[in-house]
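Here's the letter readout for the chains.
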Amino acid sequence: MIGMNAVLGVAVVSLGMVLTPGPNMMYLVSRSITQGRRAGAISLAGVAVGFIVYLTAANLGLSLVFLAVPQLYVAVKLAGAAYLAWLAWKALKPGGVSVFSHQDLAPDSPRRLFSMGVLTNLLNPKVAIMYVSLIPQFIDPAAGHTLVQGFLLGGVQISISLVVNLAIVMAAGTIAVFLARRPTWLRVQRYVMGTVLGALAVKLATDRAPAAAT
């Protein structure tokens, strides 16, 4: 029902997005470092639910709502850009802390870890834009069952994101120790992440593409 080109296209886009620093990565890394891999995995389960919520909403007509009320799309886009800009400032400001630096955070219960994973993903502008704007570009109406195509392609994206993020969760502690012994690398990592987040914020704020594919 879905062509290999569509699967590969979504896979490439998904891989590029999951490897780009963002709220999900920052939350998963921080919890994995402070509370261990189990906490990171529970948080990741919440992130997965957030993906499913967005995927379902997009397939059931979220893009049509944005097309009917373009001001709503602009508001969501600008709010997402502001959020990314705030994360960039936290990384780049004098005295900023790298996401891989150990921080004394109060431990959260499994329920809170899960719910924060869901919330962090739902507030992630990259996810909203991907489901509303990018994935529909790979759906072929001529192949029929566009709703099924949407869920299948979304499943490809979710699978890739979970695999990569799980690898990040498992390796976060090791990476943190490695960087802690190399302060210069830790500082470079912080500047690179902040710069990428800032660039994403500018791109998102200035993007004039329509919210959804027709």
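Note that the structure is predicted; figures quoted are calculated from it, not measured. (Residues numbered from 1 in each chain as written. Predicted model: local features only at pLDDT ≥ 70, side-chain atom pairs only at ≥ 80, totals over all residues. Heavy atoms only, no water.)

Let us look at the overall build of the chain. The helix and strand inventory of the chain stands at 8 helices and 0 strands. Counting the 214 residues in the chain, one finds 43% classified as buried. In the chain, of all internal contacts separated by at least 6 residues, the share reaching a separation of at least 24 is 86%. Surface summary for the chain: the accessible area is close to 10900 Å², and the carbon and sulfur share equals 70%. (Helix = DSSP H or I, 4+ residues; strand = E, 2+ residues; numbered from the N terminus. Buried < 20%, exposed > 50% of the residue type's maximum accessible area, 1.4 Å probe, protein only. Contact = heavy atoms within 4.5 Å. Areas by Shrake-Rupley, 256 points an atom, 1.4 Å probe, with all protein chains shown as cover.)

Looking now at the pattern of salt bridges. Scanning all chains against the criterion turns up 2 salt bridges. Asp-108 is paired through a salt bridge with Arg-31; the nearest N and O atoms lie 3.0 Å apart. Of this pair, Asp-108 sits in the loop between helix 4 (70–92) and helix 5 (110–122) while Arg-31 sits in helix 2 (residues 23–35), placing them 77 residues apart in sequence. Note on accessibility: Asp-108 and Arg-31 belong to one class, buried. Three or more residues joined by partner-sharing salt bridges are found here, namely Arg-31, Asp-108 and Arg-112. (Salt bridge = Lys/Arg side-chain N within 4 Å of Asp/Glu carboxyl O.)

We now examine the nonpolar core. In terms of nonpolar packing, the biggest core is built from 35 residues, with Val-29, Phe-51, Tyr-131 and Leu-197 touching the most fellow members. Among the secondary structure elements, those contributing two or more residues to this core are helix 1 (4–18), helix 2, helix 3 (37–68), helix 4, helix 6 (125–134), helix 7 (146–180) and helix 8 (183–206). In this structure Leu-197 touches Pro-21, Gly-22, Met-26, Leu-84, Leu-87 and Ala-88, once residues within four positions along its chain are discounted. (Core = buried A, V, L, I, M, F, W, Y, C linked by side-chain atoms within 4.5 Å.)

Turning next to helix 1. Taking 1.5 Å of rise per residue, the 15 residues of helix 1 would be expected to cover 21 Å, and the 21 Å separating its terminal C-alpha atoms lies within 8% of that figure. Looking at helix 1, one finds that the buried residues are Ala-6, Gly-9, Val-10, Ala-11, Ser-14 and Val-18. (Expected span 1.5 Å × (residues − 1).)

Looking now at the side chain of Asn-121. The residue Asn-121 is located in helix 5 in this model. Overall, the relative accessible area of 0% leaves Asn-121 in the buried class. Within polar-contact distance, the side chain of Asn-121 engages the side chain of Asn-24 at 2.8 Å. Every residue in contact with Asn-121, bar those within four places of it in the chain, is listed here: Asn-24, Val-47, Gly-50, Phe-51, Tyr-54 and Val-127. (Polar contact = N/O pair within 3.5 Å; in protein donor to acceptor, adjacent residues only side chain to side chain.)

Attention shifts here to helix 5. Between its first and last C-alpha, helix 5 extends 18 Å over 13 residues, near the 18 Å set by a 1.5 Å rise per residue. For helix 5, the set of buried residues is Leu-113, Gly-117, Val-118, Thr-120 and Asn-121. All buried residues of helix 5 fall inside an arc of 165° around its axis, so they share one side. (Arc of directions from axis to C-beta.)

By the secondary structure assignment, Met-170 is in helix 7. Residue class for Met-170 comes out partly exposed when judged on its relative accessible area of 32%. Once the C-alpha coordinates of Met-170 and Ile-33 are considered, the two residues, 137 residues apart in sequence, prove to be 9.7 Å apart.

We now examine a nonpolar patch on the surface. On the surface, Val-49, Val-53 and Phe-114 cluster together into a nonpolar patch covering about 200 Å² of accessible area. You can see Val-53 is positioned in helix 3. (Patch = residues over 30% accessible without salt bridge, like charges linked within 9 Å, V, L, I, M, F, W, Y side chains within 5 Å.)

With that out of the way, let us pick up the confidence of the model for the chain. Per-chain confidence: the chain averages 79 in pLDDT, with 85% of residues scoring 70 or above. When the elements of the chain are averaged for pLDDT, helix 6 gives the smallest value, 73, and helix 5 the largest, 92. Across residues 210–214, where pLDDT falls below 50, the model places 14 contacts with residues more than four positions away in sequence or in other chains. (pLDDT = per-residue confidence, 0-100.)

The next point concerns the packing of helix 2 against helix 5. Between helix 2 and helix 5, whose axes approach to 9 Å, the crossing angle comes to 160°. Our classification of the angle between helix 2 and helix 5 gives roughly antiparallel. Crossing of helix 2 against helix 5: the hand is right-handed. Counted together, Pro-23, Asn-24, Tyr-27, Arg-31 and Gln-35 of helix 2 and Arg-112, Leu-113, Met-116, Gly-117, Thr-120 and Asn-121 of helix 5 form the full contact between these two elements. A breakdown of the residues in the contact of helix 2 with helix 5 according to their chemical character gives 4 nonpolar, 5 polar and 2 charged. (Axes fitted to C-alpha atoms, helices over the stretch in contact; angles between N-to-C directions. Parallel < 35°, antiparallel > 145°, perpendicular 65-115°, else oblique. Left-handed = near helix turned anticlockwise from the far one by under 90°. Nonpolar A, V, L, I, M, F, W, Y, C, P; charged D, E, K, R; others polar.)

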